[in-house]
Amino acid sequence: MTLYHWFVFFLFIQIVHFLGTWKLYEAAGRKRWEAGIPVYNAIVLMKIIGRPSWWTILLFIPIINLIMFPVIWIETLRSFGKRSTLDSFLGIITFGLYIYYINYTQKLNYISDKNTISENKTTDTLSSLIFAIIVATFVHTYFIQPYTIPTSSLEKSLLIGDFLFVSKVNYGARVPMTTVALPMVHDSIPFVKTKSYLNWPQLPYLRLPGIETINRTDIVVFNWPVDTVHYFFEAKGKPGVIKPIDKKSNYVKRCVGVPGDSLSIKDGIVYINGKILQLPERAKPQFSYTVSLDGKTPIDFEYLLKDLDITDQVYFKNNESKDTLLFRALTAAGAERLKNVPGITSVTREISRTPEAAIFPQNTNWNQDNFGPIYIPQRGKTVALTPETLPFYKRIITDYELNDNGDKNDLKVTGNEIRLNGEIVKNYTFKQNYYWMMGDNRHNSEDSRYWGYVPENHIVGKPIFIWMSWDTNGKGINKIRWDRVFTTVSGEGQPQSYFKYFLIFLVVFFIGDYFWKKRKENKK
């Protein structure tokens, strides 16, 4: 839906509200016309039902308003004496239209002070629960979102089992585009595995101001642009699910290219604008290595792998001879360590030389280690469109960007002629920024090398804090990686745990609280 469509929809809702409540406004001592003035009518309604005026703001915050509407319907009914469980049920099940019935068929008895009527414990508990859900949803949507690392693509920097807090504030919180969805869940309802949202209506993309821009080498959480993963029940034969942008699967990678960059990969090393990309100290890029053994010298592999902090992804290349090992994820420092181990004759980094059909944009001789150069699109910049350049930007034009009417672009190619929305075009101007995301675990990461650019409107946030790290291979208390608990994700130097400082803070807080209460009791 475009902004124009939303404006028309908003006016329609105002008419519906006026027709269903004007008599209620009059019964409460207000003017009839006050029910028909957009926004003002909501402020007046808050006064009628005895709720603070700032609640009006919550009615216009996507997702939050879905929780607020049933609350307002019930509060309105209660303000006119309709306090039974059946009244509340009818108010919710009819999406508030039960108020129409009350407005036109019932004798309206306005109760100006509902607090004079005792509340039962169930109502109190429900009110507290709803308030808690609203606050949690607001924080989750616009400030901080919990996230779990599911894959090893950022191994060494982020581990499988790390539990993160992802900041929405750093890059600017994205206003939910999917307006009808369950709060605090992503694309599916837990346990029942059904969709947690409706595809319609959709808000246009809008991002609140952030405190920083995405920089090269930042670790970023984003919605996977090409997500069509089958999470929901579907008839056989369907290719996948088409998800709204903000309901696509969450991915976490390192941003290695920002808008306007020229990016290439040579023998696995990333180059930006012709220079090697300088990674932060905390980044630990890894590659596959072939390790040859002399077959005579005994090697304590259990100790060696523990020393290298490797738990898996080590295989014999030939199970019969067992003289060559493949380390699928090894750092340069780890490779140097292996070269000094008696019994190991050579350590060679694997470098892809043959073309890979799956590599973006799927019509080149590139592979995961030798790639590019490519241009990373920047908002407002124009590129020439030719049969040779179109594969790089086709998905941007057809899937990620809309035309001036807010609709999908119609792109047709006939020979060397490219038509966009019916007109022959020679160039294209980008409407948003794009980024290039890659995993540090270079040979074990499905990233931009395979599906291309990440649009700005797919950015979720920046991981800032590891609050828990769970090692499934650990035993007992060592299942928790204590050295990673309460560590920051970014920053200079090696990660440092602040868990002990947190424990000290808790002890000081509770001791201080104990003596504060004791002091207050002694004064009485």
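Residues numbered from 1 in each chain as written. Predicted model: local features only at pLDDT ≥ 70, side-chain atom pairs only at ≥ 80, totals over all residues. Heavy atoms only, no water.

Enquirer: Which parts of the structure should I look at to understand the overall build of the chain?
Expert: Within the chain, the secondary structure is distributed over 12 helices and 21 strands. Overall, the chain is about 95 × 80 × 45 Å in size when its C-alpha atoms are taken along their principal axes. The buried share of the chain, taken over its 524 residues, is 44%. Within the chain, one finds 62 positive and 47 negative side-chain charges whose respective centroids are separated by 7 Å. (Helix = DSSP H or I, 4+ residues; strand = E, 2+ residues; numbered from the N terminus. Buried < 20%, exposed > 50% of the residue type's maximum accessible area, 1.4 Å probe, protein only. Lys, Arg positive; Asp, Glu negative; His and termini not counted. Charge placed at Lys NZ, Arg CZ, Asp CG, Glu CD.)

Enquirer: Would you mind showing me how to read the sheet that holds strand β14 (residues 411-414) here?
Expert: Across a sheet, strands are paired by hydrogen bonds formed along the backbone, either parallel or antiparallel in direction. Strands sit in the order β14-β15-β16 across an open sheet of 3 strands; the sheet is antiparallel. The open sheet has two free edges, formed respectively by β14 and β16 (423-424), since each of these has just one partner strand. Pairing geometry for β14 and strand β15 (residues 417-420), over 4 bridges, is antiparallel. Across the sheet, residue leucine 411 finds its bridge partner in β15, namely leucine 420. Of the strands in this sheet, β14 and β15 touch helix α10 (residues 390-400), which is tilted by about 150° from β14. (Pairing = 2+ DSSP bridges. Contact = heavy atoms within 4.5 Å. Axes fitted to C-alpha atoms, helices over the stretch in contact; angles between N-to-C directions.)

Enquirer: What should I look at first to understand the environment of leucine 411 in this one?
Expert: Within the secondary structure, leucine 411 is located in strand β14. Contact partners of leucine 411, with chain neighbours within four places excluded, come to Leu390, Lys394, Thr398, Ile418, Arg419 and Leu420.

Enquirer: Explain the packing of helix α4 (residues 64-79) against helix α5 (residues 85-93) here, please?
Expert: Relative orientation of the contacting elements α4 and α5 amounts to 140°, with a least axis distance of 9 Å. Taken together, the axis directions place α4 and α5 in an arrangement best described as oblique. When you trace α4 past α5, the crossing you get is right-handed. When α4 is examined against α5, the residues Pro70, Trp73, Ile74 and Leu77 are found in contact with a partner set consisting of Asp87, Ser88, Gly91 and Ile92. (Parallel < 35°, antiparallel > 145°, perpendicular 65-115°, else oblique. Left-handed = near helix turned anticlockwise from the far one by under 90°.)

Enquirer: Looking at this structure, how should I read unusual backbone geometry?
Expert: What you tend to see is this: most non-glycine residues have negative phi, and most peptide bonds are trans. Geometrically, the link from tryptophan 200 to proline 201 is a cis peptide bond, its omega value of 0° lying close to zero. Checked against the element boundaries, proline 201 lands in the loop between β2 (162-167) and β3 (219-223). Residue phenylalanine 360 is joined to proline 361 through a cis peptide bond whose omega torsion reads 0°. Checked against the element boundaries, proline 361 lands in the loop between β11 (344-349) and β12 (371-375). For asparagine 273, which is not a glycine, the phi torsion comes out positive at approximately 50°. Looking at where asparagine 273 falls in the secondary structure, it is placed in the loop between β6 (269-272) and β7 (275-276). When its relative accessible area of 45% is taken as the criterion, asparagine 273 is described as partly exposed.

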